[in-house]
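The chain contents come next:
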Amino acid sequence: RVEFNARGDRVLNAFRTDPHVGKWMRVSTAWHGLIHSQSLQKIKQNCRDLLGIKNKELFDLQACTMKLIFSFQQYGYVPQISQQQQRRPESYSAPSHVNVESGTGSWANCSSPKESTWEERKHHLTRWEKHRDSSYTSISCTGIHYRIPGRSLHDIQFSEQTMVIGVLSGASGEGPNRRRNIRSTWASGRSNVLFVVAGPWSQIEEEYEKHGDLLWLDMDEIYLTEISHLTFKTESFFSILYERVVSKSESVQYLFKTDDDSYVALEKLYYVLLKANWGDDGLDYWGKCKADAKPHRNQVVEWQKKWFIPYEVYTFDHYPTFAMGAGYALSRKFLSCAFGNKQHAARIRYMPNEDVAVGMLAERCNVKCTNDNGVWIRYDKAVDGINMDRRIVQHYVKSEEEMRIFHNSLPSISK
């Protein structure tokens, strides 16, 4: 308890003395009620209630503060301490910038000042930003500093690749092992597979230099409900690769996003996207499509809590149709609309569920999702087996061993 109090006091004092955060803490009535004149133990319990953190799970005052500030900056509200299912208040009205008649939140724009362009920023770079591979992109009015190996971009652009794959992965934890497993199985020998990571640069610098296949975002790895950075990671991959490769190379037809616990049968994916006959319209947005999905408003039910979305973040009762996050592809046409001159991704209001966020961009661009049941989310190995016979993508691969079993189930040409 003594150690907890000492650490907590240091964190709290750092926030209070910060010129920006400290001022916000002083004027925020919600923060005032949460933390002012309270013992650290009471603050701890309030934050546990706010974040839905169980008593046996690790408590983090910094995460609590980040949730409050992110929600305030991105959505203009402060989350309330409640363990009950959220219901729309009778007097609740949507923010003025939200087009209620559209039926979904796809046309709501963020309201923060737009970030300056990289060309404008070049004259005011910090030493940290002057790395040879550094640049900036903008997602939902948020400027994001990133690094991607220039040699990898050059190789992709001039090797006539038809598709580039982005794999969302964690800088630490299980991330390094999962990337190693993918490099030795379905991505072996491929130069068009990039891993999208965030977190401290020191955690991935050596791997970045060694493999040349990391796209690093200069932001924290956060997975907490409405402050999750997964959308920043996903849309940054699309934005950066569209700007740096797709818009400059006629050969790249698709960008494909997946996760580091997915197995992807690349030869099957190439065939479906590039060789199968889909008529004159072709495929612009491909994956496991989900229609008429509703936001989860319940923090009590464990499986809903992970994707809890309050009304202040998303006003509407339904999401637009979207491709589920296990794996989905975007065409040049879709990418041009969402990440090109129209700047939809840079202007759209932030949605922390990354697959829903891309579905919102699809609705803005009038792009339809093409469903493929070859994208599997979960599997029961006793019932379904561990093989890729009927699958193009298999999500939630449970172990390194099963990743290799899936890999060995394919014909040698796919390996």
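Heads up: the structure comes first, above all this text.
Since the structure is predicted, the reported quantities are computational estimates derived from the model, not experimental observations. (Residues numbered from 1 in each chain as written. Predicted model: local features only at pLDDT ≥ 70, side-chain atom pairs only at ≥ 80, totals over all residues. Heavy atoms only, no water.)

1. As for the overall build of the protein
Consideration 1: Per the secondary structure count, the protein includes 17 helices and 14 strands.
Consideration 2: Across the 415 residues that make up the protein, the buried fraction comes to 55%.
Consideration 3: Of the contacts made within the protein by residues no fewer than 6 positions apart, 68% connect residues no fewer than 24 positions apart.
Consideration 4: As presented, the protein carries roughly 20200 Å² of accessible surface, and 48% of it is formed by carbon and sulfur atoms. (Helix = DSSP H or I, 4+ residues; strand = E, 2+ residues; numbered from the N terminus. Buried < 20%, exposed > 50% of the residue type's maximum accessible area, 1.4 Å probe, protein only. Contact = heavy atoms within 4.5 Å. Areas by Shrake-Rupley, 256 points an atom, 1.4 Å probe, with all protein chains shown as cover.)

2. Some details on the packing of aromatic side chains
Consideration 1: What the rule picks out here adds up to 14 aromatic pairs.
Consideration 2: Between the aromatic rings of Phe237 and Phe238, the centroid separation amounts to 5.3 Å while the plane-to-plane angle is 50°, which identifies the pairing as tilted. We note that Phe237, like Phe238, is buried.
Consideration 3: Taken together, the aromatic side chains of Phe237, Phe238, Tyr285, Tyr328, Phe334 and Phe339 make up a single cluster linked through ring pairs.
Consideration 4: Positioned over the ring face of Trp376 is Arg391, at 4.1 Å from the centre of the ring.
Consideration 5: It is Lys398 that lies over the ring of Tyr379; its NZ or CZ is 3.7 Å from the centre. (Phe/Tyr/Trp six-rings, centres within 6.5 Å; stacked < 30°, edge-to-face > 60°. Lys NZ or Arg CZ within 6 Å of the ring centre and 35° of its normal.)

3. A word on the sheet that holds strand β7 (residues 263-264)
Sheets are built from strands paired through backbone hydrogen bonds, the pairs being either parallel or antiparallel.
Consideration 1: Spatially, the three strands line up as an open sheet ordered β7-β14-β13, and their pairing is mixed. Edge positions in the sheet fall to β7 and β13 (375-376), since each has one partner strand and no second.
Consideration 2: Pairing between β13 and strand β14 (residues 393-394): two bridges, direction parallel. Bridging across to β14, Trp376 finds its partner in Gln394. (Pairing = 2+ DSSP bridges.)

4. Observations concerning the sheet that holds strand β1 (residues 134-139)
Consideration 1: The nine strands lie next to each other as β1-β2-β5-β4-β3-β6-β11-β8-β12, forming an open sheet whose pairing is mixed. At either margin of the open sheet sits one strand with a lone partner, and together these are β1 and β12 (370-371).
Consideration 2: Direction of pairing for strand β3 (residues 163-168) relative to strand β6 (residues 254-259): parallel, over a ladder of six bridges. Residue Val167 lies in a different strand from β6, and its bridge partner there is Thr258.
Consideration 3: Relative to the sheet, helix α11 (residues 266-275) contacts β3, β6, β8 (285-287) and β11 (327-331), its axis offset from that of β3 by approximately 125°. (Axes fitted to C-alpha atoms, helices over the stretch in contact; angles between N-to-C directions.)

5. Comments concerning unusual backbone geometry
Most of the time, phi is negative for any residue but glycine, and the peptide bond is trans.
Consideration 1: Positive phi values are uncommon outside glycine, yet Asp292 reaches one of about 60°.
Consideration 2: In this structure, Asp292 sits in the loop between β9 (289-290) and α12 (302-305).
Consideration 3: Phi at Asn366 takes a positive value of approximately 55°, unusual for a residue other than glycine.
Consideration 4: Checked against the element boundaries, Asn366 lands in the loop between α15 (354-364) and β12.
Consideration 5: Taking the relative accessible area as the measure of exposure, Asn366 reaches 59% and is therefore exposed.

6. With respect to α11
Consideration 1: Within the sequence span of α11, burial applies to Leu266, Leu269, Tyr270, Val272 and Leu273.
Consideration 2: Buried-residue contacts for α11 involve β3, β6, β7, β8 and β11.

7. What about the pattern of salt bridges?
Consideration 1: Applying the stated criterion across every chain yields a total of 14 salt bridges.
Consideration 2: Between Arg178 and Glu174 there is a salt bridge, with the nearest N and O atoms lying 2.6 Å from each other.
Consideration 3: With a closest N to O distance of 2.8 Å, Arg183 and Glu207 form a salt bridge. Pair noted here: Arg183 is in helix α8 (residues 175-183) and Glu207 is in helix α9 (residues 201-211), with a separation of 24 residues, a long-range link. Across this residue pair, the class does not change: Arg183 and Glu207 are buried. (Salt bridge = Lys/Arg side-chain N within 4 Å of Asp/Glu carboxyl O.)

8. Regarding the packing of helix α10 (residues 230-244) against helix α13 (residues 332-339)
Consideration 1: Relative to each other, α10 and α13 sit at 100°, their axes nearing to 10 Å. Taken together, the axes of α10 and α13 are roughly perpendicular relative to one another. When α10 is examined against α13, the residues Glu235, Phe238, Ser239 and Tyr242 are found in contact with a partner set consisting of Leu335, Ser336 and Phe339.
Consideration 2: In terms of residue class, the contact of α10 with α13 is built from four nonpolar, two polar and one charged. (Parallel < 35°, antiparallel > 145°, perpendicular 65-115°, else oblique. Nonpolar A, V, L, I, M, F, W, Y, C, P; charged D, E, K, R; others polar.)

9. Topic: the environment of Val397
Consideration 1: Mapped onto the secondary structure, Val397 falls in the loop between β14 and α17 (400-408).
Consideration 2: Using a relative accessible area of 9% as the deciding quantity, one classes Val397 as buried.
Consideration 3: Not counting residues within four places of it along the chain, the set of residues in contact with Val397 comprises Asp261, Ser262, Tyr263, Tyr379, Glu402, Met403 and Phe406.

10. Points about the environment of Tyr311
Consideration 1: Note that Tyr311 resides in the loop between α12 and β10 (322-323).
Consideration 2: When the C-alpha atoms of Tyr311 and His296 are compared, they prove to be 9.9 Å apart, with 15 residues separating the residues in sequence.

11. Quick notes on the environment of Asp384
Consideration 1: Note that Asp384 resides in helix α16 (residues 381-384).
Consideration 2: Once you skip the residues sitting within four places of it in the chain, Asp384 turns out to touch Trp376, Tyr379, Arg390 and Arg391.

12. Some remarks on the state of the cysteines
Two cysteines joined by a covalent bond between their sulfur atoms form a disulfide.
Consideration 1: Under the definition given, this model contains three disulfides.
Consideration 2: The residue that forms a disulfide with Cys110 is Cys141, at a sulfur-sulfur distance of 2.0 Å. Given an S-S torsion of about 80°, the disulfide between Cys110 and Cys141 has right-handed geometry. Taken together, the positions of Cys110 in the loop between α5 (61-75) and α6 (118-121) and Cys141 in the loop between β1 and β2 (142-147) put the pair 31 residues apart, joining distant regions of the chain.
Consideration 3: Taking relative accessible area as the criterion, Cys141 reaches 11% and is therefore assigned buried.
Consideration 4: Paired by a disulfide, Cys337 and Cys365 hold their sulfur atoms 2.1 Å apart. Torsion about the S-S bond of the Cys337 and Cys365 cystine: about -95°, corresponding to left-handed handedness. With Cys337 in helix α13 and Cys365 in the loop between α15 and β12, the pair connects residues that are 28 residues apart, well separated along the chain. (Disulfide = S-S within 2.5 Å.)

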